[in-house]
Amino acid sequence: MADTKREIERKFEFTKASAARRGVPDLTGTAAIAAVSDQGTVDLDAVYYDTPDHRLAADGLTLRRRTGGADAGWHLKLPVSPGVRDEIAAALSDTVPVQLAALLRSRVRGAGLEPQVRLVSSRRVSHLLDADGALLAELSTDTVRAERGEATAGWTEVEVELADGIDPRLLDAVEKAFRKAGLRVSDAPSKLARALTETEAEPGAEAGAGAGTGAEAEPAAARPAADPGDGTAGAYVLAYLREQRDALVTLDPAVRRGLPDSVHQMRVATRRLRSAFKTYRKVLDRAVTDPIGEELRFLAAELGVDRDQEVLLDRIQGHLDELPRTLLIGPVRGRLRTWNNSRRSGSRRRALAVLDSARHLALLDSLDALLAEPPLRKAAGGRAERVLPTAVLRDYERLAGRVEGALAMEAGGERDVALHEARKAAKRARYAAEAATPAVGKPAKRLGKAVKRVQTLLGDHQDSVVAREALRGLGVQAAGAGEPSFTWGVLYAREEALAERRERELPDVWAKTSEPGLRAALG
């Protein structure tokens, strides 16, 4: 079983040989540090694995097999933010543990993981303690030797890793003390990144003290936003698609780990890709994008089984919590748990099976191929500020037709369906505006925000429609089991009233979206 911990650390290196000779300064009295306890020296031997083209290093991930020290085994480190990583550990074995390989599948695919660099380190460890003797952070001074084929490199670096729950501002205080002693924050985000750069030199060449990380080891999170290139519509659309493709790849391990909101965010990325294919059909050939769009639709639907049930459960539980006790008649919470368990059985396994499938990996490959050789149409060569607004307004007019058509209907099931279709059109118009914002600026951003308000209102209305159907089913189940169904009827009536309220609010919200000046700014 793999163990996970959040790693918050900062790496430092000596700026001059004289500073290195003096060594790490005594941090006693820095911030809350009351004592420094020497823990001795340990020898570590780590082999880092990656694809031959260093896909993991390019996105700031590291996978190593390490012996020596108290945590010998396999370690996968996933970037969270600058200086913060999640470390997932697995027991020592001869091959990459399956649970770690699964977290890397969206990046590795069929390329395979092979040993790339060996790092042999002598680590001197000290504990930074507060006045009560509690651990604040671990201070490590590593003398490192990197081996990559015949090439070698060596350096010394200092790491300070916070203990759980310690305020990250401690690292700022340590950094200030270190700067005075001739240490600076390292340019390299990891030992592997530095090793890849420094072993590119001729075998035996001396490594520089301040070597950079190398482009191949630059984390995705640290890279600049996609470059719109020559300012054409095609360049901007491709930049947007690239961001969404990267999101799919990055969110894959998050979904596997069950991280909060990861399934929702992955589904959003699939929707944005599909919407962009449709909205910008005069930029990209739909003969190529439509099949990919269908695969994205399938992925979103499979992921949605668990997510939709989670949202529905939260909604019903929330409304149940709002009821006074006098309206809670019968074993309603037990009935809700039974209902939820029956609907979610196997849904997570199903989602993981989809991510592990050859079909999913083929989808990622097809997105890579599309971005590598985009099927550009004539409009792709036009100026973005002229081509993209036309596409956005076309989606807006499509939304307008659906909203106005739904508002003209009598209340009831057909109107509910029409409002749901308007909600989907609102999502597409919003995503179109978001994609156009880097090129068009404030007009697209304003329209996107306005449409989002419509989408949110229609989304709440549709959630009410779905909840009412679920509540009706719960009432039937309760009655069939000889339980009172009164509470389910109360919740149904509340949902019905909420939906009616959203329908009454829609004309005013829509009026703000359809201001002529807002559209004219795009035209």
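Along each chain, numbering runs from 1 in the same order as the chain's sequence is written. Only residues with pLDDT of 70 or above have their local features reported here, since the model is predicted, and side-chain atom pairs are shown and tallied only from 80 upward, although totals for entire chains, interfaces and linings are computed over all residues. To get the side-chain values, all heavy atoms of the structure are used, and hydrogens and water are removed first.

The next point concerns the overall build of the protein chain. Where helices and strands are cited, they refer to DSSP runs of H or I of at least four residues and of E of at least two residues respectively, numbered from the N terminus. Helix and strand content of the protein chain: 17 helices and nine strands. Taking the principal axes of the C-alpha coordinates as reference, the protein chain spans close to 85 × 65 × 45 Å. A 1.4 Å probe rolled over the protein chains alone gives each residue an accessible area, and that area as a share of the maximum for its type sets the label: buried under 20%, exposed over 50%, partly exposed in between. In the protein chain, which comprises 523 residues, the proportion classed as buried is 46%. It only takes one pair of heavy atoms within 4.5 Å for two residues to be counted as in contact. Sequence-distant contacts in the protein chain: of pairs separated by 6 or more residues, those separated by 24 or more amount to 72%. Each accessible area is a Shrake-Rupley estimate made with a 1.4 Å probe; only the visible protein chains count as cover when residues are assessed. When the accessible surface of the protein chain is summed, it comes to about 24600 Å², and 51% of that surface belongs to carbon and sulfur atoms. Mean positive and mean negative side-chain charge positions of the protein chain (81 and 77 charges, respectively) differ by 5 Å. Only four residue types enter the charge count, namely Lys and Arg as positive and Asp and Glu as negative; His and the chain termini do not. To locate a charge, take NZ of a lysine, CZ of an arginine, CG of an aspartate or CD of a glutamate.

As a further point, take the pairing of strand 3 (residues 62-67). Bridge count for strand 2 (residues 35-50) against strand 3 is five bridges, and the pairing is antiparallel. Note that in strand 3 the partner of alanine 46 across the bridge is arginine 66. Pairing of strand 3 with strand 4 (residues 73-81) involves five bridges; the strand directions are antiparallel. From the neighbouring strand, leucine 63 faces strand 4, where its bridge partner is leucine 76. When DSSP finds two or more bridges between two strands, those strands count as paired.

Our focus in this paragraph is helix 11 (residues 347-356). Within helix 11, burial applies to Ser347, Ala351, Val354 and Leu355. Axial view of helix 11: buried residues confined to an arc of 100 degrees, hence all on one face. Close packing links the buried residues of helix 11 with helix 7 (233-257), helix 8 (262-279), helix 9 (286-322), helix 10 (332-344) and helix 12 (358-372). The directions considered for the arc run from the helix axis to the C-beta atoms.

For the rest of this paragraph, the subject is the pattern of salt bridges. Note on definitions: salt bridges are taken to be side-chain nitrogens of Lys or Arg within 4 Å of carboxyl oxygens of Asp or Glu. Counted according to the given criterion, the structure contains 59 salt bridges. Among the salt bridges present, the one from glutamate 9 reaches arginine 85, with a minimum N-O distance of 3.3 Å. Note that glutamate 9 is positioned in strand 1 (residues 3-14) and arginine 85 in strand 5 (residues 84-90), a separation of 76 residues in sequence. As a salt-bridge pair, lysine 191 and glutamate 159 come within 2.5 Å of each other at their nearest N and O atoms. Placement of lysine 191 in helix 6 (residues 191-198) and of glutamate 159 in strand 8 (residues 151-162) is noted, with a sequence separation of 32 residues between them. For lysine 191, a relative accessible area of 8% gives the class buried. Taking the relative accessible area as the measure of exposure, glutamate 159 reaches 7% and is therefore buried. Taken together, the shared-partner salt bridges connect Glu7, Glu9, Lys11, Arg64, Lys77, Arg85, Glu87, Arg123, Asp142, Glu157, Glu159 and Lys191 into one network.

Definition of nonpolar core: a set of buried residues of the types Ala, Val, Leu, Ile, Met, Phe, Trp, Tyr and Cys, connected through side-chain atoms within 4.5 Å. In terms of nonpolar packing, the biggest core is built from 62 residues, with Leu241, Leu248, Phe277, Tyr280, Leu388 and Leu399 touching the most fellow members. Considering every element that reaches this core, the biggest residue donor is helix 14 (residues 413-440), with eleven residues. Setting aside residues up to four positions removed in sequence, phenylalanine 277 forms contacts with Leu241, Leu284, Arg286, Thr289, Ile292, Gly293, Leu296, Leu367 and Leu370. In terms of nonpolar packing, the next biggest core, distinct from the first, is built from 18 residues, Ala19, Val158, Leu170 and Phe178 among them.

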